[in-house]
Amino acid sequence: MSAARPAPEPTIDSKPYWDGLKERRLLLQQCGNCGLVRHYPRPMCDACHSLQVQWIESSRRGRLYSWTEVHHPFVPGFREEIPYVMATVELAEGVRLQCQILNADPDALGLDLPVEIVFREVQDGLVLPFAQVV
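A brief report on the enclosed structure follows. Just so it is clear, the structure is predicted and the values come from calculations on it, not from any experiment.

About the criteria used
Residues numbered from 1 in each chain as written. Predicted model: local features only at pLDDT ≥ 70, side-chain atom pairs only at ≥ 80, totals over all residues. Heavy atoms only, no water. Helix = DSSP H or I, 4+ residues; strand = E, 2+ residues; numbered from the N terminus. Buried < 20%, exposed > 50% of the residue type's maximum accessible area, 1.4 Å probe, protein only. Contact = heavy atoms within 4.5 Å. Salt bridge = Lys/Arg side-chain N within 4 Å of Asp/Glu carboxyl O.

**Concerning the environment of Arg96**
Step number 1: Within the secondary structure, Arg96 is located in strand E6 (residues 96-101).
Step number 2: Arg96 sits in the partly exposed class, given a relative accessible area of 40%.
Step number 3: It is 23 Å that separates the C-alpha atoms of Arg96 and Phe74, two residues lying 22 residues apart in sequence.
Step number 4: When residues no more than four places from it in sequence are discounted, the contact partners of Arg96 are His39, Tyr65, Thr88, Val89 and Glu90.

Pasting the structure below:
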């Protein structure tokens, strides 16, 4: 029997993000005062310290900022997935998202490679963003 993948525990600030993923939408926070887009979800704007927030839908387009090939499952729930490529994607909206890259040959990856965010249900009710090269 394999170990279960750990599930997120949404907070009041991150619940819209997780709900959006279930709908196959990548939602990002935007400051209601200065307009700064931010990710990961949090209650306060880093730039102006406003607590006003709105949610915008991402274009899901971005570029590869960084990546690593994972060979050791630090969390037992990922044991069956190794090796996999974990990436930092710089989205068109100016924020960075960490996710796995689907079907990636690590030797073929390069900085600024165009990617698109897609969605996969990894276990019942848990939808996660993944990057794929376009």
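Moving on from the coordinates now.
**Describing the pattern of salt bridges**
Step number 1: Inspection of every chain in the model, using the stated rule, returns seven salt bridges.
Step number 2: Here Arg25 makes a salt bridge to Glu57, at a shortest N to O gap of 3.2 Å. Of this pair, Arg25 sits in the loop between helix H1 (15-22) and strand E1 (27-31) while Glu57 is found in strand E3 (residues 53-57), placing the two residues 32 residues apart along the sequence.
Step number 3: Looking at Arg25, the relative accessible area reads 30%, which means it is partly exposed.
Step number 4: Of the charged contacts in the structure, one is a salt bridge between Arg42 and Asp46, with a shortest N-O distance of 2.7 Å.
Step number 5: Note on Asp46: relative accessible area 49%, which makes it partly exposed.
Step number 6: Beyond isolated ion pairs, a larger network of salt bridges with shared partners links Glu23, Arg25 and Glu57.

Don't take any of this as a statement about function, it's just geometry.
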